[in-house]
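Each chain, letter by letter, is given below.
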Amino acid sequence: MKPIKLSMTAFGPYHQKEIIDFTKLHEHGIFVVSGATGAGKTTIFDAITFALYDSGSGEDREKSLFLRSDFADESVDTEVELEFEVRGRLYRIWRKFGHDGASAKREFFEITDGVIVPAVEKFQVKLIQSKVEELIGLTQSQFNQIVMLPQGEFQKLLTSESKHKEEIFRKIFKTERFTKMVELLKEKKNIAEKHYEQARMQQDNTIHEIRSRLPHRESELFSLLNNDVINLYQVKSALQTEQQYYEDQCTALKGEYDASKKELQKLVKTLNEQRLLNERIEKFLIRKERLEELLQQKDKIQAEQQKLVLAKKANQIEPLEREYEKVKRQLEQAEVSLEKANTDYQRAQAQLQQATNHYQEQKQQEPLLDNYTKSISQLEQLVPIYQSINTQRENVSKLAENQKNAKQLFDKLQNEALSLKEKQQQQQAIINELEDATVTYHETYETHAALTRKIEMAKEVAAIQMNVDSLVNQLAGKKRIADEAQQKLKNMEQQIRSNHATFLAASLHHGEACPVCGSTNHPAIHNSEAVVIDEDALAQLRQEADRTMQSFYQVTSKLDVEKATLDQKISALQLLDAQLSKLHEYEQHLAELTAKLSKQKQQQAQLVTEKKMMAQLLESKEVLQGRIEKGQQYVIDIDKQYAQEKGKLEQSEQSLLPQFSTLDEVTQELANHQQKHHQLKAAIQNALEAMQKIQLDEKSCEVNYHHAKNLVTEKQQESLLAQKEFESALQQEGFDLEKYKTALLPLNIQQQIQDAVEAYKQNVHTLSVQIAEEEPLLEGKEQADLTASEQQIHELNEQIEEHYSKMTLIQSYVEQCKETRDKLDQSAQQIESYKEKLMQVEHVYNLIRGQNDAKISFERFVQIGYLEKVTHAANERLRVLSNGQYFLKSTGRKEGNAQSGLSIDVYDSHTGQTRDVKTLSGGEKFNASLSLALGMADVIQSVQGSVHIDTMFIDEGFGTLDEEALRRAIDILIDLQQTGRLIGVISHVAELKAAMPAILQVQKLKEGYSKTEIIIK
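Keep in mind the model is a prediction, meaning the values are calculated, not measured.

Cut-offs and rules
- Residues numbered from 1 in each chain as written.
- Predicted model: local features only at pLDDT ≥ 70, side-chain atom pairs only at ≥ 80, totals over all residues.
- Heavy atoms only, no water.
- Helix = DSSP H or I, 4+ residues; strand = E, 2+ residues; numbered from the N terminus.
- Rg over C-alpha atoms; globule rule 2.2 N^0.38 Å.
- Buried < 20%, exposed > 50% of the residue type's maximum accessible area, 1.4 Å probe, protein only.
- Areas by Shrake-Rupley, 256 points an atom, 1.4 Å probe, with all protein chains shown as cover.
- Pairing = 2+ DSSP bridges.
- Axes fitted to C-alpha atoms, helices over the stretch in contact; angles between N-to-C directions.
- Contact = heavy atoms within 4.5 Å.
- Expected span 1.5 Å × (residues − 1).
- Salt bridge = Lys/Arg side-chain N within 4 Å of Asp/Glu carboxyl O.
- Parallel < 35°, antiparallel > 145°, perpendicular 65-115°, else oblique.
- Left-handed = near helix turned anticlockwise from the far one by under 90°.
- Phe/Tyr/Trp six-rings, centres within 6.5 Å; stacked < 30°, edge-to-face > 60°.
- Lys NZ or Arg CZ within 6 Å of the ring centre and 35° of its normal.
- pLDDT = per-residue confidence, 0-100.
- Lys, Arg positive; Asp, Glu negative; His and termini not counted.
- Core = buried A, V, L, I, M, F, W, Y, C linked by side-chain atoms within 4.5 Å.
- Bend = angle between axes of the 7 residues up to and from the residue.
- Patch = residues over 30% accessible without salt bridge, like charges linked within 9 Å, V, L, I, M, F, W, Y side chains within 5 Å.
- Disulfide = S-S within 2.5 Å.

Side note on the overall build of the chain
Helix and strand content of the chain: 23 helices and 15 strands. For the chain, the C-alpha radius of gyration of 59 Å lies well beyond 31 Å, the compact-globule estimate for 1017 residues. Overall, the chain is about 170 × 150 × 55 Å in size when its C-alpha atoms are taken along their principal axes. The buried share of the chain, taken over its 1017 residues, is 37%. With an accessible surface of roughly 61100 Å², the chain has 50% of that area assigned to carbon and sulfur atoms.

Considering the sheet that holds strand β10 (residues 903-908)
Here 3 strands make up an open sheet; going across it, the order is β9-β10-β11 and the pairing antiparallel. Each end of this open sheet is capped by a strand with a single partner; those strands are β9 (886-891) and β11 (913-916). Neighbour-to-neighbour, the strand axes of this sheet turn through a mean angle of 35°, independent of strand direction. Examined bridge by bridge, β9 and β10 share 6 bridges and lie antiparallel to one another. Note that in β10 the partner of Thr-891 across the bridge is Ser-903. Here helix α20 (residues 858-881) sits on the sheet in contact with β9 and β10, set at roughly 175° to β9.

Observations concerning helix α2 (residues 41-53)
Structural remark: α-helix, 3.6 residues per turn; residues separated by three or four positions point the same way. For α2, spanning 13 residues, the distance from its first C-alpha to its last is 19 Å, which sits close to the expected 18 Å at 1.5 Å a residue. In terms of burial, α2 is largely enclosed, as 13 of its 13 residues are buried.

What to know about unusual backbone geometry
Residues other than glycine seldom take positive phi values, yet Ala-10 does so here, at roughly 55°. Considering the arrangement of structural elements, one finds Ala-10 in the loop between β1 (2-9) and β2 (18-21). One non-glycine residue, Asp-54, lies in positive phi territory at about 65°. Within the fold, Asp-54 resides in the loop between α2 and β4 (78-86).

Comments concerning the pattern of salt bridges
Counted under the stated rule, the structure contains 22 salt bridges. Of the charged contacts, one joins Glu-110 and Arg-89 as a salt bridge, the two residues approaching to 2.6 Å between their closest N and O atoms. A residue pair is termed long-range when its members are at least 10 positions apart, and Glu-110 in strand β6 (residues 105-112) and Arg-89 in strand β5 (residues 89-97) qualify at 21 residues. On the accessibility criterion, Glu-110 (13% relative accessible area) is buried. In this structure, Arg-322 engages Glu-318 in a salt bridge whose closest nitrogen and oxygen atoms are separated by 3.5 Å. Of this pair, Arg-322 and Glu-318 both sit in helix α11 (residues 298-363), 4 residues apart, roughly one helical turn. By relative accessible area, which is 27% here, Glu-318 ends up partly exposed.

A word on the packing of α11 against helix α16 (residues 663-732)
In contact at an axis separation of 6 Å, α11 and α16 are set at 160° when each is read in the N-to-C sense. Here α11 lies roughly antiparallel to α16, going by the angle between them. Pair α11 / α16 crosses with left-handed handedness.

Side note on the sheet that holds β1
With antiparallel pairing, the 6 strands of this open sheet are ordered in space as β2-β1-β4-β5-β6-β7. Only two strands of the sheet have a single neighbouring strand rather than two, namely β2 and β7 (115-118). Within this sheet the neighbouring strands show an average axis-to-axis angle of 20°, counted without direction. Where helix α3 (residues 125-136) meets the sheet, it contacts β4, β5 and β6, and its direction lies at approximately 40° from that of β6.

Description of the packing of aromatic side chains
Here the structure, examined in full by the defined rule, presents 12 aromatic pairs. Judged by centre distance (6.2 Å) and plane angle (15°), the rings of Tyr-345 and Tyr-705 are stacked. You can see Tyr-345 sitting in helix α11 and its partner Tyr-705 sitting in helix α16, a full 360 residues away along the chain. Each member of the pair, Tyr-345 as well as Tyr-705, is classed as buried. Among the aromatic side chains, those forming a connected cluster through ring pairs are Phe-22, Phe-31, Phe-45 and Phe-953. We note Arg-217 situated over the ring of Tyr-245; from NZ or CZ to the ring centre the distance is 3.8 Å. Its guanidinium or amino end placed over the ring of Tyr-586, Lys-454 lies 5.8 Å from that ring's centre, counting from NZ or CZ.

Topic: the confidence of the model for the chain
In this model, the chain carries a mean pLDDT of 80, and residues with pLDDT of at least 70 account for 91%. Here residues 60-64 is a poorly scored stretch, pLDDT under 50, and it has 11 contacts once near neighbours within four places are set aside; other chains count.

As for the side chain of Glu-698
Mapped onto the secondary structure, Glu-698 falls in helix α16. Buried within the structure, Glu-698 lacks any salt-bridge partner; Lys-699 is the closest side chain of opposite charge, at an N-O distance of 4.6 Å. If we ignore the near neighbours within four places in the chain, the residues touching Glu-698 are Tyr-345, Ala-348, Gln-349 and Leu-352.

Remarks on the pairing of strand β12 (residues 951-955)
Most of β12 is tucked away: 5 of the 5 residues are buried. The alternating pattern of β12 places Thr-951, Phe-953 and Asp-955 on one face and Met-952 and Ile-954 on the opposite face, and all of these are buried. When strand β8 (residues 148-149) meets β12, the two strands line up parallel, connected through 2 bridges. What sits directly across from Leu-149, in β12, is Ile-954. Strand direction decides the pairing type here: β12 and strand β13 (residues 982-986), joined by 5 bridges, are parallel. Residue pairing across strands places Met-952 opposite Ile-983, the latter belonging to β13.

Things to note about the side chain of Thr-206
By the element assignment, Thr-206 lies in helix α7 (residues 176-208). Those residues in contact with Thr-206 that sit more than four places away from it in its chain are Thr-820, Lys-823 and Leu-824.

Let's talk about the nonpolar core
In this structure, Leu-6, Ile-44, Leu-52, Phe-108, Leu-888 and Phe-958 are the most contacted members of the largest nonpolar core, which totals 98 residues. Per element, the largest residue contribution to this core is 10 residues, and it comes from helix α21 (residues 922-943). The next biggest cluster of nonpolar side chains, apart from the first, holds 27 residues, and it includes Ile-210, Ala-238, Leu-796 and Val-814.

Re α11
In this model α11 runs 96 Å from its N-terminal to its C-terminal C-alpha over 66 residues, within 8% of the 98 Å that 1.5 Å per residue would give. Where α11 bends most, at Ile-317, the angle is about 35°, and the proline Pro-319 comes one to four residues later.

Considering a nonpolar patch on the surface
A grouping of Met-181, Phe-858 and Phe-861 is seen on the molecular surface, where their side chains present a nonpolar patch of about 280 Å² in accessible area. Structurally, Phe-861 is set in helix α20. A relative accessible area of 57% places Phe-861 in the exposed class.

Thoughts on the state of the cysteines
Linking two cysteines covalently via their sulfur atoms produces the bond known as a disulfide. Counting across every chain of the model gives 0 disulfides. Of the cysteine sulfurs around Cys-250, a residue in no disulfide, the closest is that of Cys-817, at 12 Å. Note on Cys-817: relative accessible area 0%, which makes it buried.

Considering the environment of Thr-914
When you line up the elements, Thr-914 lands in strand β11. Classification of Thr-914 by relative accessible area gives partly exposed; the value is 37%. Not counting chain neighbours up to four residues away, the residues in contact with Thr-914 comprise Lys-889, Asp-905, Val-906 and Tyr-907.

Spelled out as structure tokens, the structure:
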């Protein structure tokens, strides 16, 4: 990346738009940025970093809020625009952040042959950030380490401890993926542990669930389950025996179930046959009753048939009746239309005569139109003259008012100038007082931050210690409860053994062999009484004992974890040089610092506000002075203009006509004449149009009258013909009009009658046939009572269901035995599989996170490789800068209890010894840091082939070098510049400025803000 042009507005000390053209410096390749302290040299680097990455160049300058200019007006936004070149392609990026609550904005374009096109799809923060990193090939952290070397920060890589170098290398070389690898492995280890424990718990649960899944009985299985230690293989064998027991029971029950089922089938068959016979007899009787009912309706059906015949004849005549009625209605309508047409025709003739007379009257007024036209033309010529004079009068009136206002405003401005001067003096006194009060702010802030870290760590230690004490108390209680439960279980088991001895002793006789030891001599026979033992109570005691021991172990595990955490936090507290006993003292001191810091923050905020107010007062003073000067000149000009316009008005008023004194009188007279002309012309035209319209209406009415007259004659003839045809049809079918009306039936009624007759005939025929077929078959047979058979079948069904329920229950016990054995086999396989995976993951996890012989994590191991490359590249420059005396070495020197491996020592060839880089002098540290930064740039370019570093900016540090070291540093920078890089250096050293071919001069003006200038020697 090579900068082309930088533009800053309201940014840092640059209150207006400041443009720096870097193309003037490209041909020289190297330049120095010079200026007084606080002038804004580093702000130039901040602007470049802000444009590219939306952040400042250093840790204490990252927030954009601090980059806002104190001298800028509130209406001016803070903006930065940068044109830069990457591998021959030109880009322009622009950013603005809202200082007054407005949202930030940004733009990113590529410029090709003068054509500007967006470089990203949308101007979003993430898209622009990603595109910038893709083009330059560097993240912001990498950019600040190898391109933009901020003041006092680029030495951190040289002198910081390994853990700090680890953070730097993580950002530069993106090794955080190896940390994520550790987190991923830890997550996998936790998952593997969880799976292993779940598999073991699943196996225990499966064994304990046997009691709830199977009924308790005196068997080998339940004897094993009552033991303190349960053998998995014995349980599986006992389950096989239990399964065989229930299978035998199931076989016996199935024989009884099949016999009952066969008997039921015989009874059901006999019952169904008798039930079918009962249904046939019942249907036969119902059909005979139905047939008798239908035969009684025969006369009614015949009457309906006759009614249907007459309706069909009447329906054939009905169309002629409808046609006759239709023609009668049309004749009536034609007669009404004729009467209306005659009335309209007479009315139109009368209206035509009236319209013709009115038009003749209006026609006689046409000569007046010419008189109005002449008057209008004369008045229209006078209007512009009176308008001009009216405008002159308004101008003179406005000038008089302006003259008065200008004199009042000028007096007011002079009074404001005196008041503003007094306010400026008061504001400067307030600023001086606040600057004195906030001198120690940074020192107070650092002390406050360090003390806050101590207090937070001490509180964490105290909280963990309280947890440890609480867990110790819980552990004692859990231990007591577990011991009591174990003792109760032992007492009951001892009583069981005593019961066994009592039962055995009852069967012993002198001379008979003992079933335990085989002895025939029994010197001491157990004679205590047996106590009844509740098996459920024994099972509950065993469960309670297991539960209390599990609870005890859980608290023990938590206590071990908390103790380990406590040891780590105590070590961290010691590294902070803090003591837990002084927590109250720290908090009191922190409260004092907080109050002091809060007050100083308020004073700082107030100082910024007061400075802005001072800047506003200064700007207001300049603006006011300019307004006073302009106001004085304006008063002179307005007096002169008023006198000129008043004289012109007096001359124009002498040409006015006597009958009109104002423009309103002329325009009013003109409007009257125009209105009369328009009204007369419109009256003549309206009369003509009305007469023409009525003529058309009269012709139309005449035509309508003759048409209506012809239509009446035609409809009279059609009516006579239709009446004759209708009466002839009635006579032919033997109807008079009354009988015809009675016989008429709607078609749907006729269809209903037809359907009812057909259904009646069909039902009579069907029932007659069915009765004839069934009567000989059912002769001599009667319906039987089925109650006794149904009761017998019901009882047999209940017996079968009882057998089936028992058989199903016992079969479920068989399935439970099979399922439990399968679960135990599956659990055993899972436990072995999860255990193997857990051991593998634990081994890799410990190796990657640094729990190995070398005590180095995999990420640190990768970073050591990068550090060796960086130190090797750095020594190429340090050899020249130190005249061959010093060489940097990457060592594994131990740094306390933390992981090491990123330590940097320096080898002194004069003494032949290796020592810590912190022992170097200020100038030697600067040379080593510069070499390390240049080496870092070389390594990144070699590792990331797409990265080509065209620019480097270095902020301060050259003042610590002697004359010879400064000369060598300048030679190194010149060598870099000869490779095509643009090198910018901020420095106050006179020798350095003298040796550079170009200077970017930053000048702080007396008003407080700054300006830039490029000086080419």
